[in-house]
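# Structure assessment
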Amino acid sequence: MHNILLVTAAQGYIPMSVKEKFEEEANYNVLVSDARVDSINSVKEDFSAILLYVDENIISQQTCIFLKDKAVEQDVPEFILGNMEDISAIESIFPAHLVRQKFLRPIDVKEVY
């Protein structure tokens, strides 16, 4: 079973629904981390993708740079889920080749997995 790292500044309905769908229907193990460098760094399991959930809870530039570096080091793709404004605010940090896909809110959770 593959692990996906879900990074979110919010523990709301959408990120938890995404987690649930990946685990139940796509047979992935979803590791959830809040959007702080120390929290992400404490994840010890390997993961094959990073799913970044962005919303009005601002994810710091430091966290975004850390995630970009982690994706490069581990050669894993990144997926971003959020509204256009929130995605635009952080996407300049991530090289285009790392971001495999962007999912715009509102979203049907089934589209993500």
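Coordinates for the structure precede this section.
Below is a summary of the structure that appears in this document. What you are looking at is a predicted structure, and each value in this text was computed from that prediction instead of being measured.

Here we take up helix H1 (residues 13-25). With 13 residues, H1 should cover 18 Å at 1.5 Å per step; its first-to-last C-alpha distance of 17 Å lies within 8% of that length. Within H1 the residues assigned to the buried category are Pro15, Ser17, Val18 and Phe22. Down the axis of H1, the sector holding all buried residues measures 160 degrees, keeping them to one side. Those residues of H1 that are exposed and aimed more than 90 degrees away from the buried face are Tyr13 and Glu24.

A few words now on the pairing of strand S3 (residues 49-53). With five of five residues buried, S3 lies mostly within the body of the structure. Of the two faces of S3, the one carrying Ala49, Leu51 and Tyr53 and the one carrying Ile50 and Leu52 are both buried. Sheet analysis places strand S1 (residues 3-8) next to S3, joined by five bridges and oriented parallel. Bridge pairing links Thr8 to Tyr53 in S3. Pairing geometry for S3 and strand S4 (residues 78-82), over four bridges, is parallel. Within S4, the position partnered with Leu51 by the bridge is Phe79. Viewed along the sheet, the connection from S3 through helix H3 (residues 61-74) into S4 turns out right-handed.

The next thing to look at is helix H4 (residues 84-91). Of all the residues in H4, the buried ones are Asp86, Ile87 and Ile90. On an axial view of H4, the arc spanned by its buried residues comes to 95 degrees, and they lie on one face. Away from the buried face of H4 by more than 90 degrees, exposed residues Glu85 and Ala89 are located. Its buried side turned inward, H4 meets S3, H3, S4 and strand S5 (99-104). Backbone nitrogen of Glu85 and a side-chain oxygen of the N-cap are separated by 3.2 Å at the start of H4; the cap is Asn83.

What counts and how
- Residues numbered from 1 in each chain as written.
- Predicted model: local features only at pLDDT ≥ 70, side-chain atom pairs only at ≥ 80, totals over all residues.
- Heavy atoms only, no water.
- Helix = DSSP H or I, 4+ residues; strand = E, 2+ residues; numbered from the N terminus.
- Expected span 1.5 Å × (residues − 1).
- Buried < 20%, exposed > 50% of the residue type's maximum accessible area, 1.4 Å probe, protein only.
- Arc of directions from axis to C-beta.
- Pairing = 2+ DSSP bridges.
- Right-handed = clockwise from strand over helix to strand, strands pointing away.
- Contact = heavy atoms within 4.5 Å.
- Polar contact = N/O pair within 3.5 Å; in protein donor to acceptor, adjacent residues only side chain to side chain.

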